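Breakdown of the fold
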Amino acid sequence: MTIDLLCKVVDNFGDIGVAYRLAKALSDLDSTLALRLHVDDLRAFHALCPEVDPECEAQLVRGWTVLRWNADWAGLAERPPRVVLECFACGRPERFEEILYDSADPEPRYVVNIEHLTAESWAADFHLLPSATRSGLVKKWMFMPGFSEGTGGLIIDRRFREARQAALAAEGRSGGREELRARLAEELAARGAIFAGTGEAPAGGESGGESGRSAESGAESGRSAESGGESGRSGESVAESGRSGESGAESGGVARSSVVRSGGRTAEAAAAGLRDRARCRNCDRDRDRDLARDLARRRWVSVFSYEQDFGRVVEDLAAADRERPLAVLAAAGRSRACFLAAWESAGRPFPLLELPFLPQEIWDEVLLASDFSIVRGEESLARAALSGRPFLWHAYLQDERHQLVKVRALLDRLRPYFGAADGAGDGPDFGPVEEAFLAFNDRERDEPGAGGRERISPLLDARAAEPFRAFAEDLVARGDLAAHLMTFLGEIG
Amino acid sequence: MLMTGDIRGGTVFKAGNDVVVVQRMLGIKGGRNGQVKRLRVKSILTGQTSELGLDMGEKFEDVSLDYHTMKLSYVDGETWVFMDQESFEQYELTKDDLGDAAGYMTPEDDFEVEVAFYEGKPVSVTLPTAIVRTITYCEPGIKGDTSGKSTKPATLDTGIEVAVPLFCDIGTKIMFDTRDGSFIERAK
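Below or above, wherever it landed, is the structure these notes cover. (Residues numbered from 1 in each chain as written. Chains lettered and ligands numbered in written order. Predicted model: local features only at pLDDT ≥ 70, side-chain atom pairs only at ≥ 80, totals over all residues. Heavy atoms only, no water.)

**As for the overall build of chain B**
Scanning chain B from N- to C-terminus turns up one helix and 16 strands. Put simply, chain B has 188 residues, and 46% of those count as buried. Contacts spanning at least 24 positions in sequence make up 45% of the contacts within chain B whose residues lie at least 6 apart. Surface exposure of chain B reaches about 9300 Å², of which carbon and sulfur atoms provide 46%. (Helix = DSSP H or I, 4+ residues; strand = E, 2+ residues; numbered from the N terminus. Buried < 20%, exposed > 50% of the residue type's maximum accessible area, 1.4 Å probe, protein only. Contact = heavy atoms within 4.5 Å. Areas by Shrake-Rupley, 256 points an atom, 1.4 Å probe, with all protein chains shown as cover.)

Here you go:
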């Protein structure tokens, strides 16, 4: 079967993140599928999947034919579209449209519009609803991702599923989670970690040799993350599964280095030792391992959201750090500068790792290794929800604070897994969790001074873990969106 | 070409090999890239009704229709009789044909409607975009709340229910949008 998967990048990396993951999941299910991906922004695709050449009109990547939107590619006319997956009603390239609606072609064509992820109940009403086109030979349907029964569920590609299983297995072993984090921390460091200590950029070692181990010293910590590295390789370490990473893309910079900013008090000693070692030239690997060990012992908090005032978030994290050490992993992108500002202003109360743009698979692992995540958009929300760890979602800003409708809908999905203030039901009180989500999203603009009223302590409490774990188990039990999609295609075709 | 955004109650368009009329907008939901609509349509060719979901990425072929300006003359059970304002001829549509529009008009109304004809047969009615109706029942109004952001259900003199701002009371005349039933303003 040949499937044409269409994606237009509206902003950031979320749209292409979903399309890329869907392509992977479909290929996982059936390696004989001929997938043709039509993408209007190959640079964004390259950021998440470095094998994609952003300058190439038509190319083979992982067995898929990747085409620039409206590419003049003869193969399309030779093998006209039969099954078309549109991501988020993105429309179709002009030439593709002509071929799809060719009245001389007697074969039926099937189009499925895969809509945005929403927890709202209407998702089930729209799921698999027949749609309409202007031709009797072109049949169309709606397909709704979602969190509940009656929707298409969430995409769970094989790599993510395996990483999730590995994270769960590690949890069951003594020291397993530390091992998992140490390996991942080493990986992150190898992608160019530089210790900033108390803000001072350490002298970096030379490249470790292999690709991705450049570890440029990055003169000014933080800045290096956007500017270091080899030109034209921006995608290699870029980004966030769905959306992160735009800072690198927007700045046109190359995000190669991750920077650890050690906390001013709690991690000072460790940072000093690590910094000293980091000053040694040609000792990247030792330094990376030290970084890994230090980070692995801490709880991980990943932060990837929109701009806002993180003052209270940092305050709560600092309090949690005093009880049990933690480290924050700040993804590249819009929230990082705001988070850094709050962290600086609070006196650097805990270590902070600035992540470079990461390939989708590595970002998945970061989320799975985190004890708590602040995520935004839909792709990373899905990953965080599936991770089984507490998270806080920053919804995409909409007119008249409509994002709150989306947030409340998600809260409705989470509520059954929690208890109530009066002790009714099992599990911890949902009220403070709900308040945190609503306060975090009650905003009219994304800007450094926005929001800042949320208290995230309830989400950092160990008791919050179980309801999120149970929520994730139910999501996984509902199955993979790609599998549901293939079943549906089998039914209609 | 007709875009999804142009489609509303009473719209007639070609869906595949069929010609359908929109009887009811069942839901308009928004995401960050646009809206999706769920509607109930009736096939003009077969008379069958079905539900459709439409996204903003689709275009449809216009259907050649004749429009006549008419007024609702009287209602006889499920049959609604309209009078052409030029020829004074009368045409019948069923309540089912009218869909949502049936809930917005009575024979006492002054406003005119556009009746669409497909191959000589009346198939749908398009109302004026904004019309005025009177609230016959709602919870007591709350003075001072003029923002209009919070709403409550209200029954209109035609019997249908719409959402109105909290300050509205029984007897209040309201202007609302017939495309989606949304409140526009309090009428004088």
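After that view, the rundown keeps rolling.
**Quick notes on the environment of aspartate 474 of chain A**
Residue and element names in this part refer to chain A. Structurally, aspartate 474 can be placed in helix α20 (residues 465–477). Each C-alpha atom of the pair aspartate 474 and phenylalanine 147 lies 9.1 Å from the other, and the pair is 327 residues apart in sequence. Engagement of the side chain of aspartate 474 in a polar contact is seen with the side chain of tyrosine 417, the distance being 2.5 Å. (Polar contact = N/O pair within 3.5 Å; in protein donor to acceptor, adjacent residues only side chain to side chain.)

**Details of the interface of chain B and chain A**
Counting from both sides, the interface comprises 25 residues of chain B and, opposite them, 31 residues of chain A. Across the interface of chain B and chain A, roughly 2200 Å² is buried in total on both sides, 54% from carbon and sulfur atoms. Remark: the boundary between chain B and chain A carries three salt bridges. Between glutamate 58 of chain B and arginine 92 of chain A there is a salt bridge whose closest N-O contact spans 2.5 Å. Linking chain B with chain A are eight residue pairs in polar contact (both at pLDDT 80 or more). Mapped by element, the contributors of at least two residues to the side of chain B that touches chain A are β2 (12–15), β3 (18–31), β4 (34–43), β5 (49–55) and β6 (59–60) of chain B. If you tally residues by element for the side of chain B that touches chain A, the top one is β5 of chain B, at five residues. Considered class by class, the residues forming the side of chain B that touches chain A number seven nonpolar, eight polar and 10 charged. (Buried area = accessible area lost by both parts, 1.4 Å probe. Salt bridge = Lys/Arg side-chain N within 4 Å of Asp/Glu carboxyl O. Nonpolar A, V, L, I, M, F, W, Y, C, P; charged D, E, K, R; others polar.)

**Focus on the pattern of salt bridges**
Residue and element names in this part refer to chain A. The final tally for this structure, using the stated rule, is 55 salt bridges over all chains. Between arginine 177 and aspartate 371 there is a salt bridge, with its nearest N and O atoms 3.8 Å apart. Here the residue arginine 177 occupies a position in helix α7 (residues 176–190), and aspartate 371 occupies one in the loop between α15 (360–369) and β13 (372–376), the gap between them amounting to 194 residues. Its relative accessible area of 10% is what places arginine 177 among the buried residues. The salt bridge involving glutamate 379 is made with arginine 383; its shortest N-O contact spans 3.5 Å. In this pair, glutamate 379 and arginine 383 are both assigned in helix α16 (residues 379–387), four residues apart and thus about one turn of the helix distant. Like glutamate 379, the residue arginine 383 is buried in the burial classification.

So yeah, pure geometry; function would need other evidence.
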